[in-house]
Amino acid sequence: MVEAGVYAAVFADLGILGSAAPLLLGALVFVAVLLVVTGLRRTMTGGATGIASRLETFGALAPNAPATATRKGRQLGIYGRIDKAAARRGWGVKIADDLARADVKITVGEFVVARIVFASVGALLGLALPIGGRFLLAALLAALGYWLPRFYVDRQKSLRLRSFNIQLADTIGLLSSALRSGYSLLQAMELVSREGAAPVSNEFERVVREVGLGLSPEEALGNLVRRMESDDLELLVTVINVQREVGGNLAEVLDSIQSTIRERVKLMGDIRVLTAQQQYSGYIVGLLPVVLALILFIINPTYMLAVFQKTVWCGWTMFGCSAVMILAGFFLIQRIVDIKV
């Protein structure tokens, strides 16, 4: 009760309860309405787009497919307009590729709107906090909110690529065994799509579907390499393409590639074990000052806020220098332990 009274007194003295409540309430309502509208849109259009929309996910539409109404229907909303504008620009293509590699099932328009929403919420929170220099804090939180969706996509892409590379050696072994059993290459890839684990099964299933829709195996495998950006996968696809042109025993070549990739994955695992302590040291260096500042603010908010209220420029100068040094130390440690194999 005493602590609650301290917080209430601080907020009341700063006039934050009256000014921040409408801003926070408006931000929450905006986010809630956006999520509800997005969910309704996906629910209402999920089963109505028909075969043309599903085919467009894996390849070009059929010449006689009724795509005009579907495309117009999608481009009437804000997401469709952003998708249409981004399709003609390099940044839009890059975002679409990153979303596909991370397996984040949203469109470019939805991703852009999500970044704007996060940035807006961060700016509102910065304006609502009871400290001096609110506009600077609002700008910092807006930049942080704008960066968070990109960080999530990059993180998912990195985790998915790592999982794919770990599973690739077993996948090559399954392909080799299927070829020795008399399967064709396409049948072997279909077996991988059924028996393998995600994300390998998902990617090879897409390759099989693209071939079924009319693409050549070389084009479908090229699309797979472009999506995953894996050196080991590129080596596998190169061997398959060369074998299709000049012939040879593909199963034996796959066995040799499998052993090479297994040794490479093992070496990468050993390096991650040896550098794990240094990586977590970087996380501690970056998070410890932030956690301590939050604990001090919870214990004695007036003590922490006085730096930004009574000595605004001094407080923000110290905050800026601390943030720069913390981030520099964190990224320098991560750079040192990022060993390429």
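In case you missed it, the structure is sitting above this.
Let me begin by describing the structure that accompanies this report.

1. Examining helix α9 (residues 185–195)
Those residues of α9 lying buried are Leu 185, Ala 188, Met 189, Leu 191, Val 192 and Ser 193. Check the buried side of α9 and you find it contacts α8 (134–180), α10 (200–212), α11 (217–228), α12 (231–246) and α13 (250–299).

2. Some thoughts on the packing of α13 against helix α14 (residues 301–309)
At their nearest, the axes of α13 and α14 sit 5 Å apart, and the two run at 115° to each other. Listed contacts from α14 to Ala 293, Leu 296, Phe 297, Ile 298 and Ile 299 of α13 are Pro 301, Met 304 and Leu 305.

3. Let's talk about the side chain of Gln 334
Relative to the assigned elements, Gln 334 resides in helix α15 (residues 312–337). In this structure, Gln 334 is in contact with Gln 279, Gly 282 and Tyr 283, ignoring residues within four places of it in sequence.

4. Let's talk about the nonpolar core
By size, the foremost hydrophobic cluster in this structure holds 33 residues, and its most contacted members are Met 189 and Leu 233. Of all the secondary-structure elements, those providing two or more residues to this core are α8, α9, α10, α11, α12 and α13. Per element, the largest residue contribution to this core is seven residues, and it comes from α8. When sequence neighbours within four positions are dropped, the list of residues in contact with Leu 233 reads Phe 164, Leu 168, Leu 224, Val 225 and Met 228. Within the second largest apolar cluster, 11 residues are counted, among which are Ile 95, Val 108, Val 112 and Val 117.

5. Some remarks on helix α6 (residues 90–102)
Think of an α-helix as 3.6 residues a turn; residues three or four steps apart then line up on the same face. For α6, which comprises 13 residues, the first-to-last C-alpha distance of 18 Å matches the rise-based estimate of 18 Å (1.5 Å per residue) to within 8%. Along α6, the residues classified as buried are Gly 92, Ile 95, Asp 98, Leu 99, Arg 101 and Ala 102. Backbone geometry just after α6 places Asp 103 at a positive phi near 60°.

6. Observations regarding the environment of Ser 158
Structurally, Ser 158 can be placed in helix α8. Distance in space between the C-alpha atoms of Ser 158 and Ala 102 is 7.6 Å, their sequence separation being 56 residues.

7. With respect to the pattern of salt bridges
Here the structure, examined in full by the defined rule, presents 18 salt bridges. Among the ionic pairs, Asp 103 bridges to Lys 105, the shortest N-O distance being 3.0 Å. In this structure Lys 105 comes out as exposed when scored by relative accessible area, which is 64%. Residues joined in a network through salt bridges with shared partners are Lys 94, Asp 98, Arg 101, Arg 150, Asp 154, Lys 157 and Glu 229.

8. Observations regarding the packing of aromatic side chains
One pass over the full model with this rule turns up four aromatic pairs. Pairing Tyr 280 with Tyr 283 gives two aromatic rings, centres 5.7 Å apart and planes at 80°, and the pair type is edge-to-face. Taken as a pair, Tyr 280 and Tyr 283 lie in helix α13 at a separation of three residues, close to a single helical turn. Tyr 280 sits in the exposed class, given a relative accessible area of 54%. Relative to Phe 330, the ring of Tyr 283 lies with its centre 5.8 Å away and its plane at 35°, an arrangement referred to as tilted. Of this pair, Tyr 283 sits in helix α13 while Phe 330 is found in helix α15, placing the two residues 47 residues apart along the sequence. Given a relative accessible area of 35%, Tyr 283 falls into the partly exposed group. Grouping aromatic residues by their ring pairs yields a cluster made of Tyr 280, Tyr 283, Phe 330 and Phe 331.

Conventions we followed
Sequence order as written defines residue numbering, which begins from 1 separately in each chain. Reporting in this predicted model follows two pLDDT cut-offs: at least 70 for local features of residues, and 80 or more for side-chain atom pairs to be given and counted; totals over whole chains, interfaces and linings ignore these cut-offs and use all residues. With hydrogens and water stripped out, all remaining heavy atoms of the structure feed into the side-chain values. Relative accessibility decides the category of a residue: with a 1.4 Å probe and only protein chains considered, values under 20% of the type maximum give buried, values over 50% give exposed, and everything between is partly exposed. The way it works is that DSSP assigns letters per residue, a run of H or I at least four long becomes a helix, a run of E at least two long becomes a strand, and they are numbered from the N terminus. Any two residues having at least one pair of non-hydrogen atoms within 4.5 Å are treated as being in contact. Angles here are taken between N-to-C directions and fall from 0 to 180 degrees, while the axes themselves are lines fitted to C-alpha atoms, restricted in helices to the stretch in contact. For the purposes of this section, nonpolar cores are sets of buried Ala, Val, Leu, Ile, Met, Phe, Trp, Tyr and Cys residues that join through side-chain atoms within 4.5 Å. A helix is expected to reach a length of 1.5 Å times the quantity of its residues less one. What makes a salt bridge here is a side-chain nitrogen of Lys or Arg within 4 Å of a carboxyl oxygen of Asp or Glu, nothing more. Each aromatic pair joins two rings of Phe, Tyr and Trp (for Trp, the six-membered one) with centres within 6.5 Å, and gets the label stacked for planes under 30 degrees apart, edge-to-face for over 60, and tilted for any other angle.

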